[in-house]
Amino acid sequence: MAFRVQIADSGAAFDVAPDETVLAAARRANVALAHDCQLGGCGTCRVKLLAGSVSYAEQPLALTAEEESAGYALCCQAAPISDLVISPAAPQVAFAAPERRTAVIEAVRALSPLVTGLTLQIDGLDAAGFAPGQYMNVVMPDGGTRSFSMASKPDGNRVDFHIRRIDGGEFTHRRVPGLRAGDRLDIEIPHGTFHFRAQDYRPLLMVATGTGLAPIKAILESLMDDPDCPPVSLYWGARTKADLYLHDDIRHWGERLYEFQYCPVLSRADADWDGRGGYVQDAIGAELDDLSEHAIYLCGSPAMIADAKRAFAGRGASLDHIYCEGFTLQNAQSAAA
Ligand SMILES: Cc1cc2nc3c(=O)[nH]c(=O)nc-3n(C[C@H](O)[C@H](O)[C@H](O)COP(=O)(O)OP(=O)(O)OC[C@H]3O[C@@H](n4cnc5c(N)ncnc54)[C@H](O)[C@@H]3O)c2cc1C
């Protein structure tokens with residue numbers, strides 16, 4: 001039996017066939033609903049259920065029990081079990097449409113044993129070409145794509161990226177080590193909806209694991225020297241000290257950001273580490289015991305994001321003020337697309 005879905009704010013409506021997800025039906029009906037990974041890992045397609053109920057074949061990673069009981073659903077995985085009225089959980093923003101472009105590599109440098117820094121010059125890209133926080137897709141010879149977040153704020157046609165090696169990975173292991181200045185990549189840019197919400201003016205808590213730092217760096221660069229910059233706390237989780245590939249740079253960001261606090265957290269610290277240890281989401285200090293007034297940006301492993309949402313809700317964080325970018329697995333993404 002088909003169910004009808006109505007979008008509260010726009011009045012748009014569409015039917016969802018049996019065994020279809022809300023997102024698949026919306027796309028079939030040409031109704032725009034924000035979405036990204038389509039695997040239940042990123043949370044971009046979160047909506048509020050104003051009426052009706054949904055079920056999931058498997059509980060999506062990016063939807064916590066707290067979110068579900070507060071009436072949120074993830075459209076890419078949710079199948080209606082009644083007619084629905086939904087409302088997008090976050091205001092929809094009009095980003096530039098993704099375009100296929102050629103990128104020329106300007107510089108390649110090792111940032112750490114596992115992370116390579118790439119600077120690309122992107123043909124035809126201008127300063128309005130992406131919002132800090134968004135990502136590009138590298139188009140592979142087989143037509144598959146690999147996503148990488150812009151790690152610098154818009155600045156002409158030049159953009160930095162932080163690429164972590166995944167052992168056995170087609171792009172990050174087989175291709176990146178051979179890249180040299182002057183080489184070309186086919187890319188699509190921009191993608192994604194992770195971005196700074198200026199209208200959500202609250203102290204910022206930014207939490208990243210590994211190269212999840214990249215889009216957070218782009219956002220923070222865009223706030224540097226801005227008189228409207230809110231207070232910023234950055235927690236960056238990595239395994240060992242060698243993985244903190246921008247540690248020294250970040251310690252200087254406080255000169256250009258308002259009330260900047262930086263706390264690196266190591267899950268496999270060496271004996272000489274005198275900073276915080278454990279998982280980054282568990283290491284938020286007592287100084288941030290009450291998160292009810294913060295805007296929270298989470299980026300990196302989907303497991304960290306799911307845990308952080310649960311832990312932070314316990315400290316009063318509002319689900320309406322948590323913004324996430326999960327680095328979901330690309331092979332699975334290609335298979336699902
Ligand atoms: C929106 C978004 C933004 C991203 N931004 C960045 C970024 O800025 N920097 C960055 O380093 N990465 C980023 N990633 C992750 C990155 O896209 C993947 O690591 C990349 O696609 C791996 O490609 P590959 O060809 O090397 O590996 P593949 O050949 O695709 O995969 C090889 C094997 O590794 C597994 N695998 C793939 N990716 C990961 C992963 N991330 N973690 C664990 N196992 C994995 C696969 O399932 C497969 O088994 C982002 C991901 C998303 C969804």
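Here is what the cut-offs are and how they apply
Every chain begins its residue count from 1, and numbering advances along the sequence as written. Residue-level local features of this predicted model are given only where pLDDT is at least 70; pairs of side-chain atoms are given and counted only at 80 or more, and the full residue set underlies all totals for whole chains, interfaces and linings. Processing note: side-chain calculations cover all non-hydrogen atoms of the structure and skip hydrogens and water entirely. Starting at the N terminus, helices and strands are each numbered in turn, a helix being any DSSP run of H or I of at least four residues and a strand any DSSP run of E of at least two. In this analysis, the expected span of each helix is defined as 1.5 Å times one less than the number of residues it contains. Burial status follows relative accessibility: with a 1.4 Å probe on protein chains alone, a residue under 20% of its type maximum counts as buried, one over 50% as exposed, and anything between as partly exposed. Contact criterion: two residues are considered in contact whenever any of their non-hydrogen atoms come within 4.5 Å of each other. Classification of ring pairs uses Phe, Tyr and Trp, with its six-membered ring standing for Trp, and accepts pairs whose centres are within 6.5 Å; under 30 degrees between planes counts as stacked, over 60 as edge-to-face, and the remaining range as tilted. A ring has a charge above it when a Lys NZ or an Arg CZ is no more than 6 Å from the ring centre and no more than 35 degrees off the ring normal. The pLDDT value tells you how sure the predictor is about a given residue, anywhere from 0 up to 100. Here the rule is simple: two strands pair whenever DSSP picks up at least two bridges between them. Helix axes are fitted to C-alpha atoms over the stretch in contact, other axes to C-alpha atoms as well, and angles between N-to-C directions run from 0 to 180 degrees. Every case where a carboxyl oxygen of Asp or Glu lies within 4 Å of a side-chain nitrogen of Lys or Arg is listed as a salt bridge.

Moving on to helix H6 (residues 302-313). An ideal rise of 1.5 Å per residue puts 16 Å on 12 residues; H6 measures up with 17 Å between its terminal C-alpha atoms. Within the span of H6, buried status applies to Pro302, Met304, Ile305, Ala306, Ala308, Lys309 and Phe312. Elements that come into contact with the buried residues of H6 comprise helix H2 (65-69), strand E14 (204-209), strand E18 (295-300) and strand E19 (322-326).

Moving on: helix H4 (residues 213-223). Here H4 lies mainly inside the structure; 10 of its 11 residues are buried. Of the residues making up H4, those classed as buried are Leu213, Ala214, Pro215, Ile216, Lys217, Ala218, Ile219, Leu220, Glu221 and Leu223. Its buried side turned inward, H4 meets strand E11 (145-149), strand E12 (158-164), E14, strand E15 (232-238), helix H5 (247-250) and E18. Of the residues one or two after H4, Asp225 is the one with positive phi, at around 65°.

Our focus in this paragraph is the environment of Ala103. Structurally, Ala103 can be placed in strand E8 (residues 99-110). Residues Ala103 and Gly129 lie 26 residues apart in sequence; the distance between their C-alpha atoms is 14 Å. Not counting the four nearest positions on each side in its chain, Ala103 is found in contact with Leu120, Gln121, Ile122, Asp183, Arg184, Leu185 and Ile187.

With that out of the way, let us pick up the packing of aromatic side chains. In the structure shown here, the tally under the stated rule is six aromatic pairs. Look at Phe148 and Phe171: their rings are 5.4 Å apart centre to centre, the planes differ by 40°, and that puts the pair in the tilted class. A residue pair is termed long-range when its members are at least 10 positions apart, and Phe148 in strand E11 and Phe171 in helix H3 (residues 170-175) qualify at 23 residues. Given the relative accessible area of 1%, Phe171 is considered buried. These aromatic residues form a ring-pair network of at least three members: Phe194, Phe196, Tyr297 and Tyr323. In this arrangement the basic side chain of Arg46 is found over the ring face of Tyr72, its NZ or CZ atom lying 4.3 Å from the centre. Across the ring face of Tyr72, the terminal group of Lys48 is positioned such that the distance to the ring centre comes to 4.8 Å.

Before going further, it helps to spend a moment on the environment of Arg268. Within the secondary structure, Arg268 is located in the loop between strand E16 (261-266) and strand E17 (276-277). For Arg268, a relative accessible area of 53% translates into the label exposed. Put simply, Arg268 and Tyr279 are 11 residues apart on the chain and 9.3 Å apart in space, counted from C-alpha to C-alpha. Discounting residues that sit within four places of it in the chain, Arg268 has contacts with Arg239 and Thr240.

What follows concerns the confidence of the model for the protein. Of the residues in the protein, 97% have a pLDDT of 70 or more, and the chain-wide mean is 93. Low pLDDT, under 50, characterises residues 332-337; the predicted model gives this stretch eight contacts beyond four residues in sequence or across chains.

In space, the five strands of this open sheet follow the order E2-E1-E7-E3-E5, with mixed pairing throughout. Either end of the sheet is taken by a strand with one partner, and the two such strands are strand E2 (13-16) and strand E5 (72-74). Averaged over neighbouring strand pairs, the angle between their axes works out to 40° when direction is ignored. Pairing of strand E3 (residues 46-51) with strand E7 (residues 84-88), which is carried by four bridges, proceeds in the antiparallel orientation. Opposite Lys48, over in E7, you have Ser87 as the bridge partner.

Moving on, we get to the pairing of E7. Each regular strand shows side chains that alternate between the opposite faces of the sheet. Summarising the sheet, strand E1 (residues 3-7) and E7 pair through three bridges and their orientation is parallel. In the sheet register, Val5 faces E7, and the bridge partner there is Leu84.

Here we take up the pattern of salt bridges. A side chain with one charge may pair with a side chain of the opposite charge, provided their charged atoms come close. Tallied over the full model, the rule gives 15 salt bridges. For Arg174, the salt bridge identified is with Glu170, shortest N-O distance 2.9 Å. Here Arg174 pairs with Glu170, and both are found in helix H3, just four residues apart, close to one helical turn. On the basis of relative accessibility, which here comes to 56%, the residue Arg174 falls in the exposed class. On the basis of relative accessible area, Glu170 is assigned to the partly exposed category, the value being 41%. Where Asp289 meets Arg315, a salt bridge forms, and the shortest distance between an N and an O atom there is 4.0 Å. Separated by 26 residues along the polypeptide, Asp289 in the loop between E17 and E18 and Arg315 in the loop between H6 and E19 bring together distant segments of the chain. A relative accessible area of 24% means that Arg315 is categorised as partly exposed. Because the salt bridges share partners, they merge into one network encompassing Arg46, Glu67 and Lys309.

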